[in-house]
Structures are given as structure tokens and as C-alpha cells.
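Single-letter residue listing:
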Amino acid sequence: MKVGSLVSLCLAAWGGYPLAAAEGGKDRCVFPDELRSANFPLPGLKKRLQQTSQIVVLVLGSSSSMTGQPARNPRSYVQDLDLALQAAFPGKTFVLKNLSKRMQSAAEMAQRLPADVISGRPDLVIWQTGTVEAARHVDTNSFTDALIQGLEALRRAGIDVILVGPQTHNRLATMIDVESYNDVLGQIADRESASFLSRFDIMRYWEESGTFVLGSQDKGAQMREAGAQSQCITQILVEQIRRAVTETQ
Amino acid sequence: MSAGVISAHAAQGGGRDLRLDFFRGLALIFIFLNHIPGNAMSWLSSRNFGFSDATEIFIFISGYSVILAYGGVIDRQGFLPLTARIWRRAWQVYAAHIFLFVVFVAHISYVSERFNPAFAEEMNIGEIFEAPHTLMFQALILAFKPANMDVLPLYIVLLAVFPPVIVLLKRQPAWVLAGSFLLWLAVQYRHWNLPAYPDGAWFFNPFAWQLLFIVGGWCALRRDAAPWRRIPPRLGLGLSLAYLLFALAIVATWTYSPWAVYVPVWLRQILYPIDKTELDVLRLLHFLALAYVVVVVVRPGAAFLGSWAARPFIICGRHSLQIFCTGVFLSFLGHFILSEVNSSLGMQVGVSLAGIALLVGLAATISWYDRASGKRGGGSRTAGSVTS
């Protein structure tokens, strides 16, 4: 069974989560297995799930991770993430803290870790990055250093992390080279045995397969489709977390 | 073609070394396919089978070709004419780059009008249009380089500083090679680079990539002695093939992400990151291993180089500046069609094949024109000049 289908079933069983990502009875969140992240464990979160009923998830990212944004921006994958996690882990309560900021780079986020993240002792950090670096043409070495510094700081503190990569849209590809930064994220995730959700690869697959129609001239339709896509990313992220705590040692 | 080139080719069997043209043409086609974002056909290119990609092939052959094209000028005419000719070439490449930049601006101006607001916020697209005069100036000084337009600025800089390097390379090749290697090594630790706009540094660090250019030039100067042939073929091929297979196995874990867990943690920590900007040692070794295997396995007079199948690549390789620039232009066009009309797999294949056909057609037309206008060999003016 595909990832998206499984999560959709879980969420449908919970019953309170809107399945806008499904259209005409077809689940649009599916994607090929080879685009799944390597299933690296989240030992800290696994332990906390066994010990306590309240789990704190902290999100650190740029615009696409911000919730409560003006109407000109689409739904974020972080919106209702707590509800989706509760559906996947019945009996647990998830408290979401969102420290995302517009145009925040990985280096800036890494600097914030000790005071704003580690001190709060979250059970899981979702670290979304890469787009700002691509937009600013940041040196990939600096990006690499920031990622390693941040991941190692979180590991030393015993806090699990999932990296979330940049979004993509084919129209943008000649303006902004997101792929190079996504590649760096993938390599650093493998280096540090960190779970990585490659939105770039999944969204590119959806685009090539025509799953979501983002090229419409109707800006309202564009926003709805982008929102539905984000909803799928939420589902995939939750499934990735579920697999990391249930299918690894 | 210089007298030096002719004699060198004569030493190789009386004709030009078609391997250079063939592999440069192949690299140009790969670069074209890779430059169309979201193009499934780019899976055919070398980057999906190892650590290095077509950029390494292009820069190495460019260094090799500059020596073939201009190496004899220094002996016959001296340093100043050599410098003048190479700088004229650099100027032509610069002009071609600026032309492509204008095409790029037209493209993104159109796209930003129709752009999906869902992504505009995060990707900060509007920012580059907020100060167009600054953007233009930064493009003119090669600090602002759009996506996929990083190779020509690297080539321009390498060409511009190459005249004294050629002189030194002819007199003290070992010292130049050692200096080039030490500079590359220093960059791996000190991260020296040229600044870019709006932030960061050059994507292809010229202080690192100069190594491949100079190694290419050194190989061209030593092509008759061919010191690499002193390596016992069985040992050289064994080590090279083992490394290429190792790289293939690692790259497979990038293609199929779940397999990454099977690479031991200690190995992942040694391997990553494999940096393209500073020409990571793993990329450099991969290219050198690939080049060694090709040189040993594909002899200068290999039968396939005379086949009809190799012909399109060879003629593209002979006119590399025109084919490179047209390839970038066609990749913009191909991307436009895929993003605005239809991005299906069939369309990706169609756009790729049409682009390749246009590139080959252009190369054939230039060859015909050169022959018709009396230039030797229909492109042999470029016998080796990359972009000449």
C-alpha cells in the first residue's frame, strides 16, 4: 500500500481531518517508493511516545512553514499537523510550536537553536530549509556547515529532527536553482543519519504526472491546488514520522 | 589549426583526434539535457551514473583544446599575440553569455507575470526585479548568474588568465601542475571564492575548477609522451573501474533513497558532502578514472568514431561555443514549452530530441559554411579550441 493511501485511511478513520488532497475519490498524495526518505530512526521521539501522552513538536523553517499567513499565501503543510499527528498516534496529544520566519536561512536557524529550540526541550524538531539559500545563491559550503552544525547540536541535546527540503515548481526552475540545495540536504541527511522529506522530488513527480494543476491562470485555483498539495505533504510527513518510530530499531 | 596542432595530429595518425570532438559533443548534449528542468531525458547523462558530470568533461576538454588551438602561437608569434587571441576569444564568450542573460531576463519577466503566488512568497522572486540596474550591472561583472548559466563565466575567467599559464606550462609543466593542485587543495580548506550577487559565491569556484582546466592543458602538451600510458593497464583499469563501480553504487542510493541506510555510517560520514562548487576530490577522482578508462579503451582511431552514430556528436564537439550557447537558449525554450504547454513524458522526450536535432543541424550548417567559405576542414579552425 502506498504511503499516502495508508495515511489517508488513518486520517479518514479519525474522521475529523479534511481530505482535500483527494479529488474525485482519487488520492492524489501517492508517489513512487524510491522518493521515500531512508527510514532513519527517531529514538528520542519513540521513547517519549512510550513515556508520555503529550509530545512537543517544534517547527523551524521559512515562509512555507509559517501558519496564519495572509490570504495571498497558500495553506502551509504545518497547518493542522498536530491534528494529523494525533490521528496517526491515537491517545497522544501533540503541541505544535512554530518558530518559522520569512526569509530565514539555515545559518540563522542554526544560530537560534541553543536559545530558542534546545532550551525548550521539544520531542521532535521539523527543520525546513534550502529555499532561502537557493533564492540568495548562498554558498553551498556555508549551507552545508550550517546544517551539520545544527544537526550535531540537536543530536548532542538528544533531540530528534526531520529535515524538510525546498518546494519546487517547474516554472521557477530557471530563476532559482533549488535542486542543488536539495541535493546538499539529501547528502547531509544521509551523512548525519537524519530523516529527510524531499518535497522537491515529490512535488516534481506530482508536477510531471499532472497530479496537481498549478499552472492555471486562475490564481484562486492555483492557491487551492497548492493548498491541497501542502495537505499531502502534511500526510507524507506524518507517515514518515510514524514509520521512523514503528519500523526501526 | 596551428602548425603545432597539425603535427601533433599527424603524430596520432595523420588526422584530428576525433575522441576529443566526440566526447566534447557528448558533454554538450548532456549539458543541454540537464539544463531543461524536470526533463526525464537528463537521466541519460553521466551525472546519474557517478560523482562527476558533463561539466568536468567540458572543462577538461576545454583546457586541452586551448593548448591545441593556441599552444603553437606562443612559439611562432610570442606572448602578446597569444594574449590578444585568447582575450578576443574570452570576449566572444562574454558577449555570448550576456546575450543569453538577456534571453533569461525576457523569460523570467514573462513567467513572473503569470507566476503561481503560492511559491512567490517563499522564493522571493520579485526581489531581483526591485533594482534592475543593479541586477544588470552585477550580470555584466559576472557576479549575478542565473540558474544553469554558471559554466560560461567560469570559462571566461579561466581563459582570461590563461596566457601566462600557457607560457609557464610550456616551460615548467610540473611546477604549474603542482601549483594548480596546491591552489585546489587550499580551496578545499580555506574556501576562497569570488563573490556572487545577491549573496554567496560563484557556483563553480574558479580557484578549484582551474585544476581540471590546467590538467587538460598539461595532458595536451604531453599527449605525445602520454605519461599515463606508463601505468600498467591492468592496474590502472582495475583501480579505475573499481572506483567507477563504487561511485555507481553510491549514486544508486541517491536515486533510490531508501537504500541509503545500507551505506555504513562511517562511509557516509567520509563521503558527504560531495561538493560541486569546489570540485570535491571524489568528483575529481571520478572524472580522472573515467578519462583514464576512455583513453585506454577508446583508441584515437577507434572504428566507432567513423560511424554515422558518432557523427552528430563529433560535429557538435567541433563547434562548441555555438552549440553550448544555442543549447542554453534551447533549454530555456524547452523549459518554457514544458512549463507552459505540457510537461508530460512524451513532451519531455519530444522537446529533448527536437533540441538535439536543432543542435546537430546547426553544427552541420556551420561545418558546411566553413567548408564553403574555405576554412580548412569545416570546423577544424576549432580543432581544439573549445569554444573556437
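Rules of the game
Residues numbered from 1 in each chain as written. Chains lettered and ligands numbered in written order. Predicted model: local features only at pLDDT ≥ 70, side-chain atom pairs only at ≥ 80, totals over all residues. Heavy atoms only, no water. Disulfide = S-S within 2.5 Å. Helix = DSSP H or I, 4+ residues; strand = E, 2+ residues; numbered from the N terminus. Buried < 20%, exposed > 50% of the residue type's maximum accessible area, 1.4 Å probe, protein only. Core = buried A, V, L, I, M, F, W, Y, C linked by side-chain atoms within 4.5 Å. Contact = heavy atoms within 4.5 Å. Buried area = accessible area lost by both parts, 1.4 Å probe. Salt bridge = Lys/Arg side-chain N within 4 Å of Asp/Glu carboxyl O. Nonpolar A, V, L, I, M, F, W, Y, C, P; charged D, E, K, R; others polar. Axes fitted to C-alpha atoms, helices over the stretch in contact; angles between N-to-C directions. Left-handed = near helix turned anticlockwise from the far one by under 90°. pLDDT = per-residue confidence, 0-100. Parallel < 35°, antiparallel > 145°, perpendicular 65-115°, else oblique. Phe/Tyr/Trp six-rings, centres within 6.5 Å; stacked < 30°, edge-to-face > 60°. Polar contact = N/O pair within 3.5 Å; in protein donor to acceptor, adjacent residues only side chain to side chain. Pairing = 2+ DSSP bridges. Right-handed = clockwise from strand over helix to strand, strands pointing away.

### Considerations on the state of the cysteines
Here is step 1 of the chain: Summed over all chains, the structure comprises 1 disulfide over all chains.
Here is step 2 of the chain: Two residues, Cys29(A) and Cys232(A), share a disulfide whose sulfurs are 2.1 Å apart. With the S-S bond torsion at -75°, the cross-link from Cys29(A) to Cys232(A) turns out left-handed. One end of the pair, Cys29(A), is in the loop between strand E2 (26-27) and helix H2 (43-51); the other, Cys232(A), is in helix H9 (residues 219-246), with 203 residues separating them in the sequence.
Here is step 3 of the chain: Given the relative accessible area of 0%, Cys232(A) is considered buried.
Here is step 4 of the chain: Note on Cys316(B): no disulfide assigned, nearest cysteine sulfur contributed by Cys325(B) at a separation of 13 Å.

### Some remarks on the nonpolar core
Here is step 1 of the chain: Trp127(A), Val66(B) and Phe324(B) are the most contacted members of the largest nonpolar core, which has 136 residues in total.
Here is step 2 of the chain: The residues touching Phe324(B), leaving out its near neighbours within four places in the chain, are Leu28(B), Ile31(B), Phe58(B), Val151(B) and Leu152(B).
Here is step 3 of the chain: Tyr77(A), Leu124(A), Cys232(A) and Ile233(A) belong to the second largest nonpolar core, which has 37 residues in total.

### As for the interface of chain A and chain B
Here is step 1 of the chain: Taken together, the contact between chain A and chain B spans 56 residues of the former and 53 residues of the latter.
Here is step 2 of the chain: Where chain A abuts chain B, roughly 4,800 Å² becomes buried across the two surfaces, and 55% of that area is made up of carbon and sulfur atoms.
Here is step 3 of the chain: Among the residues chain A hides against chain B, the three largest losses belong to Arg171(A), Thr174(A) and Met175(A). Together they make up 16% of the total.
Here is step 4 of the chain: Linking chain A to chain B there are 0 salt bridges.
Here is step 5 of the chain: Where the side of chain A that touches chain B is concerned, the elements lending two or more residues are helix H5 (131-136), helix H6 (140-156), helix H7 (178-191), helix H8 (199-208) and H9 of chain A.
Here is step 6 of the chain: Across the side of chain A that touches chain B, the residue classes tally to 16 nonpolar, 24 polar and 16 charged.

### So, the environment of Lys97(A)
Residue and element names in this part refer to chain A.
Here is step 1 of the chain: Tracing the backbone through its elements, the reader meets Lys97 in strand E4 (residues 93-98).
Here is step 2 of the chain: Overall, Lys97 belongs to the partly exposed group, its relative accessible area being 41%.
Here is step 3 of the chain: It is 30 Å that separates the C-alpha atoms of Lys97 and Asp177, two residues lying 80 residues apart in sequence.
Here is step 4 of the chain: Those residues within four positions of Lys97 in sequence are excluded, and the remaining contacts are Val56, Val57, Leu58 and Val59.

### Considerations on the pattern of salt bridges
Residues and elements named next belong to chain A.
Here is step 1 of the chain: Considering all chains together, one arrives at 18 salt bridges over all chains under this definition.
Here is step 2 of the chain: Notably, a salt bridge pairs Arg191 with Glu192, separated by 2.4 Å at the nearest N-O pair.
Here is step 3 of the chain: In this structure Arg191 comes out as buried when scored by relative accessible area, which is 17%.
Here is step 4 of the chain: As a salt-bridge pair, Arg242 and Glu239 come within 2.9 Å of each other at their nearest N and O atoms. With Arg242 and Glu239 both in helix H9 and 3 residues apart, this pair spans about one turn of that helix.

### A look at the packing of H6(A) against H7(A)
All names here are of chain A.
Here is step 1 of the chain: For the pair H6 and H7, interaxial distance at closest approach is 10 Å and the crossing angle is 35°. Pair H6 / H7 crosses with right-handed handedness. Taking contact as the criterion, the partners of Thr140, Phe143, Thr144, Leu147, Ile148, Leu151 and Glu152 in H6 are, on H7, Tyr181, Val184, Leu185, Ile188 and Arg191.
Here is step 2 of the chain: The residue makeup of the contact of H6 with H7, split by class, is 8 nonpolar, 2 polar and 2 charged.

### Let's talk about the confidence of the model for chain B
Residue and element names in this part refer to chain B.
Here is step 1 of the chain: Residue-level pLDDT values for chain B average 87, and 88% of them are 70 or greater.
Here is step 2 of the chain: A low-confidence stretch, residues 377-388 (pLDDT under 50), is modelled with 50 contacts involving residues beyond four sequence positions or located in other chains.
Here is step 3 of the chain: In the predicted complex, the global pTM is 0.87; the interface-specific ipTM is 0.83.

### Some details on the packing of helix H3 (residues 81-88) of chain A against H9(A)
All names here are of chain A.
Here is step 1 of the chain: Close contact between H3 and H9 brings their axes to 10 Å; oriented N to C, the two are set at 45°. On the basis of their axis angle, the class for H3 and H9 is oblique. Here H3 runs over H9; the crossing is right-handed. Here Leu81, Ala84, Leu85 and Ala88 of H3 lie close against H9, whose contacting residues are Thr234, Leu237, Val238 and Ile241.

### What about the packing of aromatic side chains?
What describes a pair of aromatic rings is the distance from one ring centre to the other and the angle between the planes of the rings.
Residues and elements named next belong to chain B.
Here is step 1 of the chain: Counting across every chain of the model gives 28 aromatic pairs over all chains.
Here is step 2 of the chain: On the numbers, 6.0 Å between centres and 80° between planes, the contact of Phe101 with Phe144 is edge-to-face. Taken together, the positions of Phe101 in helix H4 (residues 79-113) and Phe144 in the loop between helix H7 (132-140) and helix H8 (151-160) put the pair 43 residues apart, joining distant regions of the chain.
Here is step 3 of the chain: With relative accessibility at 3%, the residue Phe144 sits in the buried group.
Here is step 4 of the chain: Taking 6.3 Å as the distance between ring centres and 70° as the angle between the ring planes, the aromatic pair formed by Phe144 and Tyr197 counts as edge-to-face. Here Phe144 is found in the loop between H7 and H8, whereas its partner Tyr197 is found in the loop between helix H10 (173-190) and helix H11 (206-221), with 53 residues between them in sequence.
Here is step 5 of the chain: On the basis of relative accessible area, Tyr197 is assigned to the partly exposed category, the value being 22%.
Here is step 6 of the chain: Counting every residue linked through ring pairs, the aromatic cluster contains Phe51, Tyr243, Phe246, Trp254 and Tyr272.

### Notes on the side chain of Ser180(B)
Residues and elements named next belong to chain B.
Here is step 1 of the chain: Residue position: Ser180 is located in helix H10.
Here is step 2 of the chain: For Ser180, a relative accessible area of 4% gives the class buried.
Here is step 3 of the chain: For Ser180, the side chain forms a polar contact with the side chain of Gln210, separated by 2.6 Å.
Here is step 4 of the chain: If sequence neighbours within four positions are ignored, Ser180 has contacts with Gln210, Leu211 and Ile214.

### Some points on the side chain of Thr211(A)
Here is step 1 of the chain: With respect to the element layout, Thr211(A) can be found in the loop between H8 and H9.
Here is step 2 of the chain: Ignoring sequence-local partners within four residues, the contact set of Thr211(A) consists of Arg28(A), Trp206(A) and Glu225(A).

### A word on the pairing of strand E6 (residues 160-164) of chain A
Residue and element names in this part refer to chain A.
Here is step 1 of the chain: For E6, the buried fraction is high: 5 of the 5 residues fall into the buried class.
Here is step 2 of the chain: Of the two faces of E6, both are covered, the one formed by Asp160, Ile162 and Val164 as well as the one formed by Val161 and Leu163.
Here is step 3 of the chain: Of the pairings in the sheet, the one linking strand E5 (residues 124-128) to E6 comprises 5 bridges and is parallel in character. Looking at the pairing, Trp127 lines up with Leu163 of E6.
Here is step 4 of the chain: Inspection of the sheet shows E6 paired to strand E7 (residues 195-197) by 3 bridges, in the parallel sense. Across the sheet, the residue bridging to Leu163 is Phe196, located in E7.
Here is step 5 of the chain: The β-α-β motif built from E6, the intervening H7 and the parallel element E7 has right-handed crossover chirality.

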